[in-house]
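# A look at the structure
The lines below spell out each chain.
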Amino acid sequence: MNYSINKFFHFKGYFVQKIERNDLQTIIRLLPRRKTAHCPKCGKRSNALYENGVLRKVKHSRYEGKPVSVLIPKRRFFCKCCNIPFSEQIDWISFKERTTNSFSTETISVLRNSSFSAIQEMYGTSYQFLSKNLKGLDMSVPWPEGELILGFDEHSYAKRHMMVTITELKTKTLLAILPHYSKEAVIEYLSSRTEEERGRVRELCFDMKFKQRKTVESFFPEASTVVDKFHVLSYLTSLIDSDRKIIAPKITSFENIRQIMRRPEGRLNGKEKAILDSMFAEYPDLKERWLIYQKLSSFYRLRSKEEARICLQEIKRDMSALERSYTRNFLGTLERLEEEILNYFDNRTTNAFTEGVHTKIKMIKRTSFGFRNIEIYIKKVMLAFIPITIILDQFLPH
């Protein structure tokens, strides 16, 4: 029985003397198996007990909804070689700490999906303890093997402070979060990768407004660039919506007209079609713009790049025929990013995983009630995406 308890709680070098349980906690009294200890200075064993010391209470884990603590005698020995007394060191407890290594790994693993305040209340620990352990983790993610497709996007840390999110889209891996949306931050991270890793990158995926695109492309001269299709469609619909407010400013009775116009024609129900028909009968100019959006939506469902190139030329001709409007501004975007848009048909790459990462980041920020420290923020976000087996294998200093 004693062996099973030791195996379960990892009490290396000790055996259980007594277990006390109450409504608040579980306390396990331990006794050392050896009557000797290693001298930290010379490394030799000593059997000269200098002082038995008082019992030392150390937090260990949580079991059946209650915190588990251990009581260990704080023994001191006398080294005859060094001629000095020394305190006994325990492998699974860091020097001068009141928690075991298992307590550190357990709180960090639970912190992946919880807030700091929840873990503090659950384990009776402090924010300083959790943040210190979190800072001690190595969050550098190795790039996967084989050909790589990198996704780049920005997200907000606080107000106007933007950060860069870097993902590997083929294996759906979060690689890094850069602390600043700047050229220097991008160069520093990409320069830290080896030439072999950079040579395996085949595609780069951006949104239309990513400011550091040229900087990233300079590190991958042989990689093709893809503009995310969601941002292309979203930009066009925002321009059409601006035209709608000018062409038909009095349309307010139709329910959710903005969302209806953004929907592909094949996914409209009978009621939504009737709403559009009545609106287009009164405003035919609005229908012209809506048809252009439907063509662009169908454009991304084409099978080959050659068909897509022909379809894109038709869309550009339709836009050229429009009179002055916000929608016509999209023509310049198509001409400027034509090859990047058509590169989508090589591997049908999108930045959907990166956007999903941002959705989870927003959830982490809400559950944590915001962050004040950039390093803690990045570590907390990366913790949610790194496999827990990698986290548990690391040594967690206090």
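Remember, it's a predicted structure, so these values are computed and weren't measured experimentally.

## Focus: the packing of helix α4 (residues 127–135) against helix α17 (residues 374–383)
Following both chains from N to C, one finds α4 and α17 inclined at 70°, their axes separated by 10 Å at the closest point. Here α4 lies roughly perpendicular to α17, going by the angle between them. Where α4 approaches α17, its residues Tyr127, Ser131, Leu134 and Lys135 are matched on the opposing element by Glu375, Ile376, Lys379, Lys380 and Leu383. Residues that form the contact of α4 with α17 fall into these classes: four nonpolar, one polar and four charged.

## Examining the packing of aromatic side chains
Centre-to-centre distance and the angle between the planes together describe a pair of aromatic rings. Scanning all chains against the criterion turns up 21 aromatic pairs. For the ring pair Tyr181 and Phe210, a centre distance of 5.7 Å and an interplane angle of 45° mean the geometry is tilted. Residue Tyr181 is found in the loop between β12 (173–178) and α5 (183–191), and its partner Phe210 is found in the loop between β13 (201–206) and α7 (213–219); the two are separated by 29 residues along the sequence. Since its relative accessible area comes to 18%, Tyr181 is described here as buried.

## Overview of the pairing of strand β8 (residues 76–79)
Only one face of β8 is buried: it carries Phe77 and Cys79, and the other face, with Arg76 and Phe78, is open. Relative to β8, strand β5 (residues 49–51) runs antiparallel, the two sharing two bridges. What sits directly across from Leu49, in β8, is Phe77. Two strands pair when backbone bridges link them, and β8 and strand β9 (residues 84–87) are joined in this way by four bridges, in the antiparallel orientation. When the bridges of β9 are listed, Arg76 appears paired with Ser87. Adjacent in sequence and paired antiparallel, β8 and β9 are bridged by four residues, among which Asn83 carries a positive phi angle near 60°.

## Section: the pattern of salt bridges
All told, the structure shown has 20 salt bridges when counted by the stated rule. Through salt bridges that share partners, Asp241, Arg244, Lys245 and Arg258 make up one connected network.

## Notes on the sheet that holds strand β1 (residues 14–21)
Reading across the sheet, the four strands line up as β1-β2-β7-β6 and stay open at both edges, with mixed pairing between neighbours. Two strands close off the open sheet at either side, each with one partner strand: β1 and β6 (55–63). Averaged over all pairs of adjacent strands, the angle between their axes in this sheet comes to 25°, without regard to strand direction. The pairing of strand β2 (residues 26–32) with strand β7 (residues 66–73) spans four bridges and is classified as parallel. Pairing of Thr26 across the sheet is with Val68, part of β7.

## So, the side chain of Glu168
Turning to its location among the elements, Glu168 is positioned in strand β11 (residues 161–168). Buried and without a salt bridge, Glu168 has Lys170 as its closest oppositely charged side chain, separated by 6.9 Å. Polar side-chain contacts of Glu168 include one of 3.2 Å to the backbone nitrogen of Lys170. Separated by 2.6 Å, the side chain of Glu168 and the backbone nitrogen of Thr171 make a polar contact.

## As for the packing of helix α8 (residues 229–247) against helix α11 (residues 284–299)
For the pair α8 and α11, interaxial distance at closest approach is 10 Å and the crossing angle is 175°. Viewed along their axes, α8 and α11 adopt a mutual orientation that is roughly antiparallel. Contacts between α8 and α11 involve Val232, Leu233, Leu236, Thr237, Ile240, Asp243, Arg244 and Ile247 on the former and, on the latter, Asp285, Leu286, Arg289, Ile292, Tyr293, Leu296 and Ser297. In the contact of α8 with α11, the residues fall into nine nonpolar, two polar and four charged.

## Regarding the side chain of Glu272
Mapped onto the elements of the fold, Glu272 is located in helix α10 (residues 270–282). Aside from chain neighbours lying at most four places away, what touches Glu272 is Ile260, Arg263 and Arg267.

## With respect to the environment of His358
By the secondary structure assignment, His358 is in helix α16 (residues 352–367). Sequence separation between His358 and Leu312 is 46 residues; the distance between their C-alpha atoms is 30 Å. When near neighbours in sequence (up to four residues on either side) are disregarded, His358 contacts Asp153, Glu154, His155 and Thr165.

## As for the environment of Thr173
With respect to the helices and strands, the residue Thr173 is situated in strand β12. Sequence spacing of Thr173 and Val357 is 184 residues, and the spatial spacing of their C-alpha atoms is 9.5 Å. One polar contact links Thr173 to Thr171, side chain to side chain, over a distance of 3.0 Å.

About the cut-offs
- Throughout this document, residue positions are counted from 1 along each chain, in the order its sequence is written.
- Totals for whole chains, interfaces and linings use all residues, but because this is a predicted model, local features are given only for residues with pLDDT of at least 70 and pairs of side-chain atoms are given and counted only at 80 or more.
- To obtain the side-chain values, all non-hydrogen atoms of the structure were included, while hydrogens and water were left out.
- Here the axes come from fitting lines to C-alpha atoms, over the contacting stretch only for helices, and the angles between their N-to-C directions go from 0 to 180 degrees.
- Going along the chain from the N terminus, every DSSP run of H or I of four or more residues is numbered as a helix, and every run of E of two or more is numbered as a strand.
- Reported orientations rely on four angle classes, namely roughly parallel under 35 degrees, roughly antiparallel over 145, roughly perpendicular from 65 to 115, and oblique for the rest.
- The contact criterion used is simple: two residues touch if any of their non-hydrogen atoms lie within 4.5 Å.
- Each residue is assigned to one class: nonpolar for Ala, Val, Leu, Ile, Met, Phe, Trp, Tyr, Cys and Pro, charged for Asp, Glu, Lys and Arg, and polar for all the others, Gly among them.
- Between rings of Phe, Tyr and Trp, where Trp is taken as its six-membered ring, a pair exists when centres lie within 6.5 Å; planes separated by under 30 degrees are stacked, by over 60 edge-to-face, and by other angles tilted.
- Here the term buried applies to any residue with accessible area under 20% of the maximum for its type, exposed to any over 50%, and partly exposed to those in between, with areas from a 1.4 Å probe on protein chains only.
- For two strands to be treated as a pair, DSSP must find no fewer than two bridges joining them.
- Salt bridges are counted wherever a side-chain nitrogen of Lys or Arg sits within 4 Å of a carboxyl oxygen of Asp or Glu.
- Only four residue types enter the charge count, namely Lys and Arg as positive and Asp and Glu as negative; His and the chain termini do not.
- Any N or O atom pair separated by 3.5 Å or less is treated as a polar contact, with the protein-specific requirement of one donor-capable and one acceptor-capable atom, and with residues adjacent in sequence counted only for side-chain atom pairs.

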